[in-house]
Amino acid sequence: MSTTPRNIEDLYGRARRRLPAMVADFLDGGALDELTLRRNRDDLDATLLAQRVLADISTRSTATTLLGTGLSVPLIVSPMGLLTLLHPDADVAIARASAEAGSIFIHSPWSGCSLRDVVAVAPGRVWAQIAFWKAAHETEQHIEQARAAGVDTLVIAGDVGISSKRERDMRHGTAMPPRPPFRDVVDVALHPGWLWRFATGRPLTLGSYLIDGRAIRMSEIGDWLHGNENPAATWADVEAVRRSWPGKLVVKGIMSPADARRAVDAGVDGVFVSNHGGRQFDDQQSTISALPGVVDAVDGRAEIIVDGGVRRGSDIAKALALGAHGVSAGRPFAYGLAAAGGQGVRHAFEILTGEFSTAMGMVGASSPADLTRDVLAVESPSSDRSAVVR
Ligand SMILES: Cc1cc2nc3c(=O)[nH]c(=O)nc-3n(C[C@H](O)[C@H](O)[C@H](O)COP(=O)(O)O)c2cc1C
């Protein structure tokens, strides 16, 4: 990378320049009017921290533990499908960089890389997301893969029973298989670096699922996913996994206190507050505003992870102050990957960790455990948003 990126926005700019518009929009986009996507960011901006001074913050440590795994910073990488579109090293590069940063990468069932390949470069630092497919044996074989790979934590995708319109993707014709309009064909030709990497790199597949003993090909992905979407999944499926999976279990996509309580009753170890980065349901609240209600409902019976809109290290401090045990981010690491492969992911970790450490110091915190509701500013000039800071 020519110059060191200063912030996630820098990585974003570099990623956008390197990617054809249809791929950049697949990464950036949200459902419908992208209101939830923006709300995630707006509500983080409106959540304020209280400066404290003369608090001897000379020996700050950002280290913590999440679901039994030591982290050098309370920040992990959210599951993201089809990262192969961004860079051929895809999940493998993110997993390696995450492990080097003392963090964790969550492998997605929609990933182009197999779970086994990803765990191989970051043993002990990869969690496996599973989905409840219509063909139950596909879910079972995926759990078996996780077990065989030595994965200790499963993350259930709770919010994928149906999918929403992503109108940017519709405009670019990027359903599977893609049928891009002429202007996108031209735009792809104007990104020869991406085209070369895509044509010569890792083939676009669904890496963890097989047809006739080989990974599912690009031309087959659309039909396979369409045929396997499972709107009939319920908490009984979570309970069944709980009975057979001895490791840690997390459900992702929790946005209400009622579902948080249901998850805890089902025996999960972790509740993952997420609105899929605004990509699924566009008429709901931001994750940071949903967090306090979930924290109260869980009442210490499980650990809480939250993602959505994290672009500054101070966002991690805000989420921890509101009761999260760990914070996750998706696009910042994908921007890093698209901008510069594994090196870009390392930059994303360095940027967010450095900013988090500074934010800790500014509020007088020496460790993540010091980030309680006391470090939140109670009143802010935009008091219409003060409901976020409860
Ligand atoms: C390109 C892309 C692919 C995604 N794929 C998945 C997925 O496979 N499973 C999932 O649970 N969430 C998926 N998500 C949502 C992320 O896990 C995460 O919730 C979201 O990106 C967090 O918001 P942020 O990008 O603002 O950090 C995806 C997000 C993006 C940007």
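Residues numbered from 1 in each chain as written. Predicted model: local features only at pLDDT ≥ 70, side-chain atom pairs only at ≥ 80, totals over all residues. Heavy atoms only, no water.

- Per an unreviewed UniProt entry, the protein chain goes by L-lactate dehydrogenase LldA and derives from Microbacterium lacus.
- The record held by UniProt for the protein chain lists under Sequence similarities (unreviewed entry) the comment "Belongs to the FMN-dependent alpha-hydroxy acid dehydrogenase family."
- UniProt annotates the protein chain under Cofactor (unreviewed entry) with the comment "FMN". (UniProt positions renumbered as here; feature names shortened; annotations may be inferred.)

### Section: the site of the ligand
Stage number 1. Surrounding the ligand, one finds 22 residues, the nearest of these being Pro-79, Ser-108, Gln-129, Asp-307 and Gly-330.
Stage number 2. In the model, an oxygen atom of the ligand is placed 3.0 Å from a nitrogen or oxygen of the Lys-252 side chain.
Stage number 3. The separation between an oxygen atom of the ligand and a polar side-chain atom of Arg-311 is 2.9 Å.
Stage number 4. Coverage of the ligand by the protein chains reaches 97% of its 610 Å² of free accessible surface.
Stage number 5. Secondary structure elements with two or more residues in the shell around the ligand: helix 2 (21-28) and helix 15 (331-362).
Stage number 6. By residue class, the composition of the shell around the ligand is seven nonpolar, ten polar and five charged. (Near = heavy atom within 4 Å. Polar contact = N/O pair within 3.5 Å; in protein donor to acceptor, adjacent residues only side chain to side chain. Areas by Shrake-Rupley, 256 points an atom, 1.4 Å probe, with all protein chains shown as cover. Helix = DSSP H or I, 4+ residues; strand = E, 2+ residues; numbered from the N terminus. Nonpolar A, V, L, I, M, F, W, Y, C, P; charged D, E, K, R; others polar.)

### Regarding the layout of surface pockets
Stage number 1. Of the volumes computed, that of the second largest pocket is approximately 410 Å³.
Stage number 2. Taken together, 17 residues make up the lining of the second largest pocket; nearest its centre are Glu-9, Tyr-12, Arg-41, Arg-311 and Tyr-335.
Stage number 3. Residue assignment for the lining of the second largest pocket shows that the elements contributing at least two residues are helix 1 (8-18), helix 3 (35-46) and helix 15.
Stage number 4. The greatest single-element share of the lining of the second largest pocket, amounting to four residues, is contributed by helix 3.
Stage number 5. Residue composition of the lining of the second largest pocket, grouped by class: four nonpolar, five polar and eight charged. (1 Å grid on protein atoms, 1.4 Å probe; cavity = no way out; pocket = protein on both sides within 12 Å on 5 of 7 lines; lining within 4 Å. Points joined across faces, edges and corners; volume = space filled by probe spheres on them.)

### A short note on helix 3
Stage number 1. Compared with the 16 Å implied by 1.5 Å per residue over twelve residues, the 16 Å span of helix 3 between its first and last C-alpha is a close match.
Stage number 2. Restricting attention to buried positions, one finds in helix 3 the residues Thr-36, Leu-37, Asn-40, Asp-43, Leu-44 and Ala-46. (Expected span 1.5 Å × (residues − 1). Buried < 20%, exposed > 50% of the residue type's maximum accessible area, 1.4 Å probe, protein only.)

### Digging into the confidence of the model for the protein chain
Stage number 1. Residues at a pLDDT of 70 or more form 96% of the protein chain, whose mean pLDDT is 93.
Stage number 2. When the elements of the protein chain are averaged for pLDDT, strand 7 (residues 205-211) gives the smallest value, 83, and strand 10 (residues 270-273) the largest, 99.
Stage number 3. Across residues 385-390 the pLDDT falls below 50, and counting only partners more than four positions away or on other chains, this stretch makes 20 contacts in the model. (pLDDT = per-residue confidence, 0-100. Contact = heavy atoms within 4.5 Å.)

### Observations regarding helix 15
Stage number 1. Between its terminal C-alpha atoms helix 15 stretches only 26 Å, short of the 46 Å expected from 32 residues at 1.5 Å a residue.
Stage number 2. Ala-340 marks the point of greatest bend in helix 15, at about 140°.
Stage number 3. Taken across its 32 residues, helix 15 has 24 buried, putting it largely inside the fold.
Stage number 4. One or two steps after helix 15, the chain reaches Gly-364, where phi turns positive at roughly 80°. (Bend = angle between axes of the 7 residues up to and from the residue.)

### Points about the side chain of Asp-315
Stage number 1. Mapped onto the fold, Asp-315 is located in helix 14 (residues 313-321).
Stage number 2. Once you skip the residues sitting within four places of it in the chain, Asp-315 turns out to touch Arg-41, Leu-44, Gly-309 and Val-310.

### Regarding the packing of helix 12 (residues 257-265) against helix 13 (residues 287-298)
Stage number 1. Viewed as axis vectors pointing N to C, helix 12 and helix 13 meet at an angle of 35°, and their least axial separation amounts to 8 Å. Seen from above, helix 12 lies across helix 13 with right-handed handedness. Together, Pro-257, Ala-260, Arg-261 and Val-264 of helix 12 and Gly-293, Val-294, Ala-297 and Val-298 of helix 13 make up the contact between the two elements.
Stage number 2. Counted by class, the contact of helix 12 with helix 13 contains six nonpolar, one polar and one charged residues. (Axes fitted to C-alpha atoms, helices over the stretch in contact; angles between N-to-C directions. Left-handed = near helix turned anticlockwise from the far one by under 90°.)

### Brief notes about the packing of aromatic side chains
Stage number 1. On inspection of all chains with the given rule, the structure shows seven aromatic pairs.
Stage number 2. Seen in terms of ring centroids, Trp-133 and Tyr-209 are 5.6 Å apart; in terms of plane orientation they differ by 90°. Their pairing is edge-to-face. In this pair, Trp-133 sits in the loop between strand 5 (126-130) and helix 6 (136-149) while Tyr-209 sits in strand 7, placing the two residues 76 residues apart along the sequence.
Stage number 3. Its relative accessible area of 6% is what places Trp-133 among the buried residues.
Stage number 4. A relative accessible area of 0% places Tyr-209 in the buried class. (Phe/Tyr/Trp six-rings, centres within 6.5 Å; stacked < 30°, edge-to-face > 60°.)

### Focus on the packing of helix 1 against helix 15
Stage number 1. The N-to-C vectors of helix 1 and helix 15 enclose an angle of 175°; their axes lie 10 Å apart at closest approach. Between helix 1 and helix 15, the angle falls in the class roughly antiparallel. From helix 1, Ile-8, Leu-11, Tyr-12, Arg-14, Ala-15 and Arg-18 reach across to helix 15, where they touch Pro-332, Tyr-335, Gly-336, Ala-338, Ala-339, Ala-340, Gly-344, His-347, Ala-348, Ile-351 and Leu-352. (Parallel < 35°, antiparallel > 145°, perpendicular 65-115°, else oblique.)

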